[in-house]
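Coordinate analysis (summary)
So the chains spell out like this:
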Protein chains: 2
Amino acid sequence: MDTKEIKVMKKILNVNDRIAEELRNELKEKGILFINLMSSPGSGKTTILEKTAEKFGNKICVIEGDIRTTLDAERVSRAGIQAYQINTGPFGGDCHLESGWIKSAIDEIDLSNIEILFVENIGNLVCPAEFDVGAHINAVVLSVTEGEDKPLKYPLAFQNSHLCIISKTDLLPYLDINIENIKENIRKVNPKMKIIEISAKSGEGLNDWKEYLHKSR
Amino acid sequence: MDTKEIKVMKKILNVNDRIAEELRNELKEKGILFINLMSSPGSGKTTILEKTAEKFGNKICVIEGDIRTTLDAERVSRAGIQAYQINTGPFGGDCHLESGWIKSAIDEIDLSNIEILFVENIGNLVCPAEFDVGAHINAVVLSVTEGEDKPLKYPLAFQNSHLCIISKTDLLPYLDINIENIKENIRKVNPKMKIIEISAKSGEGLNDWKEYLHKSR
């Protein structure tokens, strides 16, 4: 009977989920908070990380996931953050990161002074949400320019996240978008979602974000 | 020798590509232009289709691809277009459309008065570009809010497209974005790309788009 139960466990915990769980525990033991940032392309993830670096400096580390280019790692590196670039392009152009990629990256990173580890996942509001990378917090970034209906159309990214950062709020005066409708649609698919509104350009909401990070550590 | 060659052909033309090729020929024979619109979520595909309806009215038909909701089909339907919604959510939440979905949709659509058939693919700048849906023209829509570097970071969608619509150009005055850099990056990955700049809000470029459609028929 015991044997049968173990077999079921093995089936449920596939390789990706097993590595993810090990990573989550390993980083927790080291006192490092691990946040997985997901979003559509161009929602402002990298800019938010640049702004985060101004507050946390060398205490944060970013693993950048992109199909091609090291542009994002170069950007956050210039902001004074330890950065590591994963390019999936040469390996079939994977549209998401999996926990094995993160484990390999972490093995090469000096985490001794790191308090927060970010993964900036590949810009894609669909596939990354299907794969546990081992983060303590999954955060989805949604730019106000993307429209009010995205949480309803791409529910998994919102259902599988703890936090939603609504970005580029400085553009609201120029859009036919009501931010209250965005928030209502987020809560329709995930009533417990923590929501932070941010404009990296004007600085609005950056203190809320930094406070959230402090409290979550 | 002949037999061997046929075997190779079968291997190269997989099921998706075979159905796509059949669709492309079938629609060409019927005098229907088939355009596949791809982009990140929220780039403005549906709004462009609403504006296209003002010019072409009941001569166009739209197949909407979404993981969940019939919101887009309802929107284009209100604009007077014959619309058909594919939801991949109940079938595993596929992140892209394949030619088989389009074939099934076309079997249910009255194409007798249609001159242009659009597929609005699932909002995802990665995966849809990997799958031939049988279109005569693949068009990628890129909103200026997404940043200058997207063609470099997501090259396949740009390499596999004939046309790039740069959308939401009315927002340029409020962004730190130079549209010339976007165009330069597009041409780096696809030197032959036809580019049309559109603001559905101000109407800029809509005549270029309609002229392009007229010429392409």
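Everything below is about the structure shown above.
These lines cover the structure that appears in this document, whether it is placed above or below. No experiment lies behind these values; they were computed from the predicted model shown. The numbering scheme is per chain: residues are counted from 1 as the chain's sequence reads. The order in which chains are written sets their letters, starting at A; the order in which ligands are written sets their numbers, starting at 1. Where local features are concerned, this predicted model is filtered to residues with pLDDT of at least 70; where side-chain atom pairs are given and counted, the filter is 80 or more; whole-chain, interface and lining totals use all residues. Excluded from the side-chain calculation are hydrogens and water; included are all heavy atoms of the structure.

Re the overall build of chain A
Here a helix means four or more residues in a row that DSSP labels H or I, a strand means two or more in a row labelled E, and each is numbered from the N terminus. Of regular secondary structure, chain A possesses 9 helices and 7 strands. Its C-alpha atoms give chain A a radius of gyration of 17 Å, within 12% of the compact-globule value 17 Å for 217 residues. Judged by the C-alpha coordinates and their principal axes, chain A covers about 60 × 40 × 35 Å. A contact between two residues is defined here by any heavy atoms of the two lying within 4.5 Å. Counting contacts in chain A only where the partners sit at least 6 residues apart, residues at least 24 apart contribute 71% of the total. Of the roughly 9600 Å² of accessible surface on chain A, a fraction of 49% belongs to carbon and sulfur atoms. Charged-residue counts in this description rest on Lys and Arg as positive and Asp and Glu as negative, His and the chain ends being excluded. Just so you know, the charge point we use is NZ for Lys, CZ for Arg, CG for Asp and CD for Glu. Charge-centre separation for chain A: the mean point of 28 positive side chains lies 2 Å from the mean point of 33 negative side chains. Note that the radius of gyration is over C-alpha atoms, with the globule rule given as 2.2 Å times the number of residues to the power 0.38. Values of accessible area rely on a 1.4 Å probe in the Shrake-Rupley scheme; residue burial ignores everything except the protein chains shown.

As for the pairing of strand E6 (residues 163–167) of chain B
Residues and elements named next belong to chain B. Summarising burial for E6: 5 of the 5 residues are buried, a large majority. At least two DSSP bridges between two strands are needed for those strands to be called paired. Relative to E6, strand E5 (residues 137–143) is paired through 5 bridges, and the arrangement is parallel. When the bridges of E6 are listed, Leu 142 appears paired with Ile 166. By the bridge criterion, 4 bridges tie E6 to strand E7 (residues 194–197) in an arrangement that is parallel. Within E7, the residue paired with Cys 164 across the bridge is Ile 195. Residue exposure (1.4 Å probe, protein chains only): buried if accessible area is under 20% of the type maximum, exposed if over 50%, otherwise partly exposed.

Comments concerning the relation of the copies chain A and chain B
For this overlay, a least-squares fit was computed on C-alpha atoms, restricted to residues scoring pLDDT of at least 70 in both copies. The transform that puts chain A on chain B rotates by 180 degrees and translates by 0.0 Å along the axis, for an RMSD of 0.0 Å. Classification of the inter-copy transformation places it as that of a two-fold axis.

Here's the deal with the packing of aromatic side chains
Planes of paired rings set the category: under 30 degrees apart is stacked, over 60 is edge-to-face and the rest tilted, where pairs are Phe, Tyr or Trp rings (Trp by its six-membered ring) whose centres lie within 6.5 Å. Evaluated as defined, the whole model comprises 5 aromatic pairs over all chains. On the basis of an interplanar angle of 5 degrees and a centroid distance of 3.5 Å, the ring pair of Tyr174(A) and Tyr174(B) is categorised as stacked. Remark: Tyr174(B) occurs in the loop between E6 and helix H8 (179–189) and Tyr174(A) occurs in the loop between strand E6 (163–167) and helix H8 (179–189); the pair is interchain, linking two chains. Looking at Tyr174(B), the relative accessible area reads 31%, which means it is partly exposed. Aromatic pair Phe118(B) and Trp209(B): ring centres 6.1 Å apart, planes at 45 degrees, arrangement tilted. With Phe118(B) in strand E4 (residues 116–120) and Trp209(B) in helix H9 (residues 206–216), this residue pair connects regions lying 91 residues apart in the sequence. Of the residues examined, Phe118(B) reaches a relative accessible area of 0% and is grouped as buried.

Section: the interface of chain A and chain B
Between chain A and chain B, the contact holds 32 residues from the first and 32 residues from the second. Summed over both partners, the accessible area (1.4 Å probe) lost when two parts come together is defined as the buried area. In this assembly, chain A packs against chain B so that about 2600 Å² is buried in total across both faces, 59% of it on carbon and sulfur atoms. Per-residue buried area on chain A facing chain B is highest for Pro41(A), Lys153(A) and Tyr174(A); these three make up 23% of the total on that side. Any carboxyl oxygen of Asp or Glu within 4 Å of a side-chain nitrogen of Lys or Arg constitutes a salt bridge here. Counting every contact that joins chain A to chain B gives 6 salt bridges. The salt bridge partner of Asp72(A) is Lys153(B), with a shortest N-O separation of 2.6 Å. Going through the elements one at a time, helix H4 (71–78) and helix H6 (150–153) of chain A are the ones with two or more residues in the side of chain A that touches chain B. When residues of the side of chain A that touches chain B are assigned to their parent elements, the largest contribution, 3 residues, is made by H6(A). Taken together, the residues of the side of chain A that touches chain B sort by class into 14 nonpolar, 7 polar and 11 charged. Classification used: nonpolar for Ala, Val, Leu, Ile, Met, Phe, Trp, Tyr, Cys and Pro, charged for Asp, Glu, Lys and Arg, polar for all others including Gly.

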